[in-house]
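Structure at a glance
Here's the letter readout for the chains.
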Amino acid sequence: MPNKLHNETSPYLRQHQHNPVAWYPWGAEALSKAKDENKLILVSIGYSACHWCHVMERESFENEAIAAVMNAHFVSIKVDREERPDIDQIYMIAVQLMTNQGGWPLNCICLPDGRPIYGGTYFRPDDWRNVLLQLAGMWQDRPEVARDYAERLTTGVKQSEQLPVSRIPETYTPQDLAAIVTPWKRLFDNQEGGYKRVPKFPLPNNWLFLLRYAVLAKDSEVLEHVHFTLQKIASGGIYDHVGGGFARYAVDGQWHIPHFEKMLYDNAQLVSLYAEAWQQRPTDQYKRVVAETLEWVLREMTSPQGGFYCALDADSEGVEGKFYTFHRSEVAQILGADADLFMQYFGITEAGNWEEEHTNVLKIDIEADKMAYDAGFSAEEWAKYLAHGKQRLLDYRDIRVRPGLDDKLLTSWNALMLKGFVDAYRVFDVPEYLRVALENAQFIRHYLYAKDGGLLHQPEANGKLITGFLDDYACCIDAFTALYEVTFEETWLYEAKRLMEYVLSYFYNQDASAFYYTSAAAEQLIARKQEIMDNVIPSSTSTIVRQLHRLGLIFDNQRYVEIGSQVLANVVPQMAAYGSGYSNWAIRLLEEVYGCSEIVFTGPDYKVMRKAFERHYIPNKIILGGTKETLPLLAGRVGSTTRAYVCRNKACSLPVTQVEELLELITQ
């Protein structure tokens with residue numbers, strides 16, 4: 001008989017429905033049972049693409065003896081961290097306070113009221129059983145010890161990431177940025193790109209900030225390291241050279257061997273990053289990576305309704321990476337006469353280059369495309385040769401047993417990918433990218449809007465409704481604003497503004513000048529948290545603050561500007577100590593130090609002029625355009641001639657009619 005997870009829509013939860021553990025989903029039934037029976041709660045959190053989550057399931061949660069201990073002494077609750085990031089956030093902080101580390105699977109033991117008393121990540125079976133028995137014994141014999149610890153730990157959870165309200169400086173300076181970037185540079189790995197650490201994570205928002213900073217501050221050292229890093233990432237095995245898309249991280253120091261799970265949020269941001277990097281320094285490899293990754297998203301990660309799925313597992317047939325790797329003999333057979341050069345290019349050998357004998361993870365040298373010239377190919381011929389070989393390997397690979405697909409449709413991640421398509425369209429002018437972006441935006445509006453005008457976190461299913469979190473709103477506002485900037489359809493701007501008003505009503509604490517991660521209308525947990533520090537995905541607060549600034553300028557809304565400025569001022573004192581953890585805040589700080597150009601295109605050919613302008617790399621800009629005068633910056637500026645204006649600090653330039661003149665105005 002399945003346990004209580006059999007009606008869930010999350011693939012991760014359904015994976016555990018036949019465990020002998022009497023799992024419950026998070027909800028009133030489980031929480032009431034714990035209180036009624038005075039049992040400890042075991043909250044076990046993971047996600048479907050998590051390798052070590054699968055390992056702990058096989059070793060412990062499918063073990064009849066261990067399950068018997070869990071069922072006798074605990075109410076066991078399984079949580080998909082991507083479905084309920086609010087729950088994950090609270091118990092992750094608790095485990096980090098207890099152990100100084102975190103990760104998934106995340107296992108937290110709590111009092112019947114949900115307050116944590118013990119936790120950790122992966123446990124070996126014997127250790128897990130012993131921990132459970134010890135805690136059950138303590139709860140039976142010395143419950144006052146558990147209650148006292150829970151009180152202190154919950155206080156720590158509530159106080160974490162709370163910042164005092166700081167005075168807004170009269171001005172921010174380049175020295176403020178230098179104080180953040182100078183210690184950051186010491187972390188650079190000059191041999192392999194990225195940072196001097198293993199495993200290596202791409203961290204796209206870090207490199208987006210550093211790219212913009214390097215250009216604005218004219219820091220050639222940082223600029224070269226950014227491009228070196230991007231080339232290394234795109235050349236390593238962390239990138240799927242056959243099918244497109246990036247794995248979550250590399251387990252080694254050379255970007256070679258990936259942890260093979262592919263996440264939508266990584267790929268969305270990396271598409272935006274590589275598109276912007278190409279705009280700054282046109283590089284064939286960057287364009288190829290963007291095109292192949294978006295092809296992968298359309299081929300494998302897009303629902304019939306136009307939504308984007310969450311992730312692909314690392315494992316297939318119980319083996320990590322089996323779907324993605326090749327033996328030399330396979331490639332030789334598939335490609336025939338074309339095989340030798342292809343195998344040389346991708347480092348494919350008979351011995352293999354991974355831990356399993358004869359197994360190859362494809363990678364290239366960052367200078368590998370020079371082989372084209374040595375072999376007598378033109379650039380166009382080489383592109384066709386590579387594409388043809390990759391397609392033949394892809395067709396062969398598609399016959400294999402596929403990794404598991406997490407088909408959740410999360411609002412925030414969909415918005416990140418929507419913006420990835422918009423950014424790729426902005427730079428490469430491929431109409432298909434805009435078509436997909438518009439289709440996804442309509443998917444969000446049709447399936448992810450709540451009845452009260454707010455957002456859902458995912459489509460309602462089986463009677464389960466999860467209220468949207470701050471990152472759902474922040475990412476949607478960002479995506480809709482970006483969509484306006486390439487279409488000039490004002491509907492998207494007004495929709496972004498409407499969602500911002502909802503955020504200020506339900507998420508903002510005026511007294512603390514802070515944004516909560518959860519809505520005032522959402523389920524109340526043991527703590528209502530803020531999310532300040534940027535991670536692989538920028539924090540919801542930094543993203544909403546950046547959007548407050550943009551919408552404040554677009555709509556001339558001083559309230560938006562003031563709220564965003566105050567929250568930024570609260571965070572700036574924290575940034576120098578750990579720049580990489582505040583990279584999205586640092587992008588906002590760049591706009592304060594170097595200004596933000598509001599560029600207006602009007603007249604009959606305003607769209608043509610926008611496309612010509614986008615051939616140039618200009619960070620820190622907002623683009624508006626059209627033939628209507630409804631937006632403040634367009635009022636009084638629309639005429640029969642195509643013109644452009646540059647506005648800053650509530651003042652606009654005289655109109656110009658040529659892109660070259662416009663660039664001079666921006667850079668002077």
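This section reports on the structure supplied with the text. All values reported here derive from a predicted model rather than from experimental measurement.

The subject of this paragraph is the overall build of the chain. The number of helices and strands found in the chain is 25 helices and 18 strands. Computed over the C-alpha atoms, the radius of gyration of the chain is 26 Å, within 12% of the 26 Å expected from 2.2 N^0.38 for a compact globule of 668 residues. Scored against the burial criterion, the 668 residues of the chain give a buried share of 60%. Restricting the contact set of the chain to residue pairs at least 6 apart, pairs at least 24 apart contribute 69%. Total accessible area on the chain is roughly 26,500 Å²; 49% of this is exposed by carbon and sulfur atoms. Mean positive and mean negative side-chain charge positions of the chain (66 and 87 charges, respectively) differ by 3 Å.

To summarise the sheet geometry, strands pair through backbone hydrogen bonds and adopt either a parallel or an antiparallel arrangement. Strand order in the open sheet formed by four strands is S16-S15-S17-S18, and the pairing between neighbours is mixed. Strands with a single pairing partner mark the edges of an open sheet, and in this sheet they are strand S16 (621–626) and strand S18 (651–652). As paired elements, strand S15 (residues 597–602) and S16 share six bridges and run parallel to each other. Across the sheet, residue Val600 finds its bridge partner in S16, namely Leu624.

Turning our eyes to something else, we now look at the pattern of salt bridges. Under the defined criterion, the tally for this structure stands at 48 salt bridges. The partner of Arg588 in a salt bridge is Glu592, with the nearest N and O atoms 2.4 Å apart. Pair noted here: Arg588 and Glu592 are both in helix H23 (residues 583–594), with a separation of four residues, about one helical turn. Assessed through its relative accessible area of 1%, Arg588 is described here as buried. Assessed through its relative accessible area of 32%, Glu592 is described here as partly exposed.

Considering the arrangement of structural elements, one finds Ile444 in helix H18 (residues 431–447). Given the relative accessible area of 0%, Ile444 is considered buried. For the pair formed by Ile444 and Ala415, sequence separation is 29 residues and the distance between their alpha carbons is 8.2 Å. If near-sequence neighbours (up to four positions away) are discounted, Ile444 is found in contact with Asn414, Ala415, Leu418, Tyr449, Cys476 and Phe480.

Our next topic: the sheet that holds strand S9 (residues 311–312). As summarised here, the arrangement of the three strands in space is S8-S9-S12, forming an open sheet in which the pairing is antiparallel. Only two strands of the sheet have a single neighbouring strand rather than two, namely strand S8 (262–263) and strand S12 (405–406). Taken together, the two bridges between S8 and S9 define a ladder with antiparallel strand orientation. Residue Lys262 lies in a different strand from S9, and its bridge partner there is Leu312.

A few words now on helix H17 (residues 411–428). In this model, H17 (18 residues) spans 26 Å end to end at C-alpha, consistent with the 26 Å of a helix rising 1.5 Å per residue. In terms of burial, H17 is a largely internal element, 17 of the 18 residues being buried. Looking at the residues trailing H17, positive phi occurs at Asp429, about 55°.

Our focus in this paragraph is helix H19 (residues 470–487). For H19, built from 18 residues, the straight-helix expectation of 26 Å at 1.5 Å per residue is met to within 8% by its first-to-last C-alpha distance of 26 Å. Among the 18 residues of H19, 18 are classified as buried, and the element is accordingly described as predominantly covered. Where H19 ends, the next residue or the one after it, Phe488, has phi of about 60°, a positive value.

Our next topic: the nonpolar core. Within the largest apolar cluster, 185 residues are counted, with the highest numbers of intra-cluster contacts made by Trp128, Phe209, Tyr274, Phe515 and Phe601. The residues contacting Trp128, other than those within four sequence positions of it, are Leu42, Met56, Ser60, Phe61, Ile66, Met70, Asn107, Ile109 and Phe123. Ranked by size, the runner-up nonpolar core spans 24 residues in total, among them Ala30, Ala34, Val75 and Tyr91.

Right, let's get into the side chain of Glu192. Here Glu192 is to be found in the loop between helix H8 (174–185) and helix H9 (204–217). Among the polar contacts made by the side chain of Glu192, one reaches the side chain of Lys232 at a distance of 3.3 Å. Ignoring anything within four residues of it in the chain, the contact list for Glu192 reads Lys200, Phe228, Lys232, Gly253, Gln254 and Trp255.

Across all of its chains, the model carries two disulfides by this definition. Through a disulfide, Cys50 is tied to Cys53; the S-S separation comes to 2.3 Å. One disulfide, between Cys50 and Cys53, carries an S-S torsion of 80° and so falls in the right-handed class. Cys53 gets classed as buried once you look at its relative accessible area, which sits at 2%. The disulfide bridge from Cys647 ends at Cys652, spanning 1.9 Å between sulfur atoms. Where Cys647 bonds to Cys652 through sulfur, the torsion about that S-S bond is close to 105°, and the disulfide is right-handed. The disulfide pattern of the chain is 1-2, 3-4 when the bonded cysteines are numbered in sequence order. You can see Cys310 has no disulfide; the closest cysteine sulfur is in Cys475, sitting 13 Å from it. Cys310 gets classed as buried once you look at its relative accessible area, which sits at 1%.

Turning our eyes to something else, we now look at the side chain of Arg397. Its place among the elements puts Arg397 in helix H16 (residues 379–397). Apart from residues lying up to four places away in sequence, Arg397 is in contact with Asp240, Val242, Gly243, Phe323, Tyr324 and Phe326.

To continue, consider the environment of Leu203. Assignment of secondary structure puts Leu203 in the loop between H8 and H9. Leave out the neighbours within four places in its chain, and Leu203 touches Tyr195, Arg197 and Val536.

Most of S16 sits out of view: six of its six residues are buried. Neither face of S16 is open: one carries Lys621, Ile623 and Gly625, the other Ile622, Leu624 and Gly626, and all of them are buried. With respect to chirality, the unit in which S15 leads through helix H24 (residues 606–613) into the neighbouring parallel S16 is right-handed.

Rules and cut-offs
- Residues numbered from 1 in each chain as written.
- Predicted model: local features only at pLDDT ≥ 70, side-chain atom pairs only at ≥ 80, totals over all residues.
- Heavy atoms only, no water.
- Helix = DSSP H or I, 4+ residues; strand = E, 2+ residues; numbered from the N terminus.
- Rg over C-alpha atoms; globule rule 2.2 N^0.38 Å.
- Buried < 20%, exposed > 50% of the residue type's maximum accessible area, 1.4 Å probe, protein only.
- Contact = heavy atoms within 4.5 Å.
- Areas by Shrake-Rupley, 256 points an atom, 1.4 Å probe, with all protein chains shown as cover.
- Lys, Arg positive; Asp, Glu negative; His and termini not counted.
- Charge placed at Lys NZ, Arg CZ, Asp CG, Glu CD.
- Pairing = 2+ DSSP bridges.
- Salt bridge = Lys/Arg side-chain N within 4 Å of Asp/Glu carboxyl O.
- Expected span 1.5 Å × (residues − 1).
- Core = buried A, V, L, I, M, F, W, Y, C linked by side-chain atoms within 4.5 Å.
- Polar contact = N/O pair within 3.5 Å; in protein donor to acceptor, adjacent residues only side chain to side chain.
- Disulfide = S-S within 2.5 Å.
- Right-handed = clockwise from strand over helix to strand, strands pointing away.

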